[in-house]
Amino acid sequence: MAYADQDLIAASLKRATYHGSADSVAAEVIERVRLAWEDRGYFKVQVRGDAKMLTGSSTRNRIAVTAQVDEGKLYRLGEIRFKNNRAISNEPALRNLFPIKNGDVFSRKKIARGLENLSKAYGAVGYINFTSIPNANVDGETSLIDLDIDVDEGKQFFVSSVNVLGLNASIYPNEPTDLLLKAGDIYNRRLADLFIKDHVSLIPAGASPDSRIHLHLDEKSGTVAVTFDLRYCPTEK
């Protein structure tokens, strides 16, 4: 890896704040180093290291971590294939969800982003329990990695009811007009996220929007009751 990239990794690690014993922090730093090399195509990188205490107090310690890196080969992406994708059978469309082209330097982060996009695509057509497992096939001779994405779509869910908690009754005496999900609709994760985004000013800063969407699934009937919790304090009665 170019020294400039190594310097960027080191600078990023130095800016971070760590918690725990010196040994646990050293282990975390070593793992981050490994992931950083993986993100730059060194799929089989091996990293080991140790830590030395520089200064310490009751509230703050400074340590030096030395990492020894055996990069191995630089790998590139061969191709991505999908298995058991029945609800969305358009494989080129699924492939475009991954922000990495065949032949690009293999990047764990880009694959993870693609898997997240894949989950969102299925979530937009009612597959709430969708999961996917990437299986890497590494060819040491060509330095290519092919990915087989094994899809478990689960059941498609329809909305049985929508409830909104925390709206001012004087402003919203009835159901809000910007409610994008209705009973009978196929559940759409994107529309649920949009509704929370449009009302994000009602929840505390820093609160996770996802934590304000509660889904109660009825597996037998394939329906979901959706509750949007916009209360400032969700534990309030």
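**What about the sheet that holds strand 5 (residues 144-152)?**
The three strands are arranged 3-5-4 in an open sheet whose pairing can be described as mixed. Two strands bound the open sheet, and with one partner strand each, they are strand 3 (76-83) and strand 4 (131-139). The mean angle between the axes of side-by-side strands here comes to 20 degrees, regardless of whether they run parallel or antiparallel. Both strand 4 and strand 5 contribute to a ladder of nine bridges, which runs antiparallel. Bridging from a neighbouring strand, Ala136 pairs with Leu147 of strand 5. Running at roughly 25 degrees to strand 5, helix 4 (residues 108-123) makes contact with strand 3, strand 4 and strand 5 of the sheet.

**Some remarks on the sheet that holds strand 6 (residues 158-165)**
Either a parallel or an antiparallel arrangement is found when strands of a sheet pair, and the pairing is made through backbone hydrogen bonds. A sheet is described by the order of its strands in space; here three strands give the open sequence 6-8-7, paired in mixed fashion. Every other strand in the sheet has two partners, leaving strand 6 and strand 7 (213-218) as the edge strands with one partner each. The sheet shows a mean angle of 15 degrees between the axes of neighbouring strands, taken without regard to direction. Alignment of strand 7 against strand 8 (residues 223-229), held across six bridges, turns out to be antiparallel.

**Observations concerning the packing of aromatic side chains**
Throughout the structure, instances matching the rule amount to five aromatic pairs. With centroids separated by 6.0 Å and ring planes inclined at 55 degrees, the aromatic side chains of Phe82 and Phe98 adopt a geometry described as tilted. Taken as a pair, Phe82 in strand 3 and Phe98 in the loop between helix 3 (91-95) and helix 4 lie far apart in primary sequence, 16 residues in all. Under the relative-accessibility criterion, Phe82 is labelled buried at 7%.

**Description of helix 2 (residues 22-38)**
Between its first and last C-alpha, helix 2 extends 24 Å over 17 residues, near the 24 Å set by a 1.5 Å rise per residue. Turning to helix 2, its buried residues are Val25, Ala26, Val29, Ile30, Val33, Ala36, Trp37 and Glu38. Elements that come into contact with the buried residues of helix 2 comprise helix 1 (3-15), strand 1 (46-56), strand 2 (61-70) and helix 4.

**Some details on a nonpolar patch on the surface**
Nonpolar side chains collect at one region of the surface, where Val125, Phe158 and Ile186 lie side by side and expose about 210 Å² of accessible area between them. Tracing the backbone through its elements, the reader meets Phe158 in strand 6.

**Here's the deal with the packing of helix 1 against helix 2**
The contact between helix 1 and helix 2 brings their axes to 11 Å, and the two run at 145 degrees. As for how helix 1 packs across helix 2, the hand of that crossing is right-handed. For the pair formed by helix 1 and helix 2, the contact residues are Gln6, Ile9 and Leu13 on the first element and Val29, Arg32, Val33, Ala36 and Trp37 on the second.

**Points about the pairing of strand 5**
For strand 3 and strand 5, the ladder comprises six bridges, and the chain directions are parallel. Within strand 5, the residue paired with Arg81 across the bridge is Asp148. Between the antiparallel neighbours strand 4 and strand 5 lie four residues, among them Ser143 with a positive phi of about 60 degrees.

**Some thoughts on the nonpolar core**
Of all hydrophobic cores here, the largest spans 19 residues; its most connected members are Ile80, Phe82, Phe98, Ile111, Leu118, Tyr122 and Ile149. Every element with two or more residues in this core is listed here: strand 3, helix 4 and strand 5. Core analysis: the second largest hydrophobic core is formed by 16 residues, Phe157, Ile196, Ile203 and Val224 among them.

**Some words on the side chain of Asp229**
By the secondary structure assignment, Asp229 is in strand 8. For Asp229, a relative accessible area of 3% corresponds to the buried category. Within the structure, the side chain of Asp229 is placed 2.9 Å from the side chain of Arg231, a separation counted as a polar contact.

**As for the pattern of salt bridges**
Applying the stated criterion across every chain, the model contains 11 salt bridges. Across the pair Arg81 and Asp146 runs a salt bridge whose closest N-O atoms are separated by 3.9 Å. Of this pair, Arg81 sits in strand 3 while Asp146 sits in strand 5; the two residues are 65 residues apart in sequence, bridging distant segments of the chain. Of the residues examined, Arg81 reaches a relative accessible area of 30% and is grouped as partly exposed.

Definitions and cut-offs
- Residues numbered from 1 in each chain as written.
- Predicted model: local features only at pLDDT ≥ 70, side-chain atom pairs only at ≥ 80, totals over all residues.
- Heavy atoms only, no water.
- Pairing = 2+ DSSP bridges.
- Helix = DSSP H or I, 4+ residues; strand = E, 2+ residues; numbered from the N terminus.
- Axes fitted to C-alpha atoms, helices over the stretch in contact; angles between N-to-C directions.
- Contact = heavy atoms within 4.5 Å.
- Phe/Tyr/Trp six-rings, centres within 6.5 Å; stacked < 30°, edge-to-face > 60°.
- Buried < 20%, exposed > 50% of the residue type's maximum accessible area, 1.4 Å probe, protein only.
- Expected span 1.5 Å × (residues − 1).
- Patch = residues over 30% accessible without salt bridge, like charges linked within 9 Å, V, L, I, M, F, W, Y side chains within 5 Å.
- Areas by Shrake-Rupley, 256 points an atom, 1.4 Å probe, with all protein chains shown as cover.
- Salt bridge = Lys/Arg side-chain N within 4 Å of Asp/Glu carboxyl O.
- Left-handed = near helix turned anticlockwise from the far one by under 90°.
- Core = buried A, V, L, I, M, F, W, Y, C linked by side-chain atoms within 4.5 Å.
- Polar contact = N/O pair within 3.5 Å; in protein donor to acceptor, adjacent residues only side chain to side chain.

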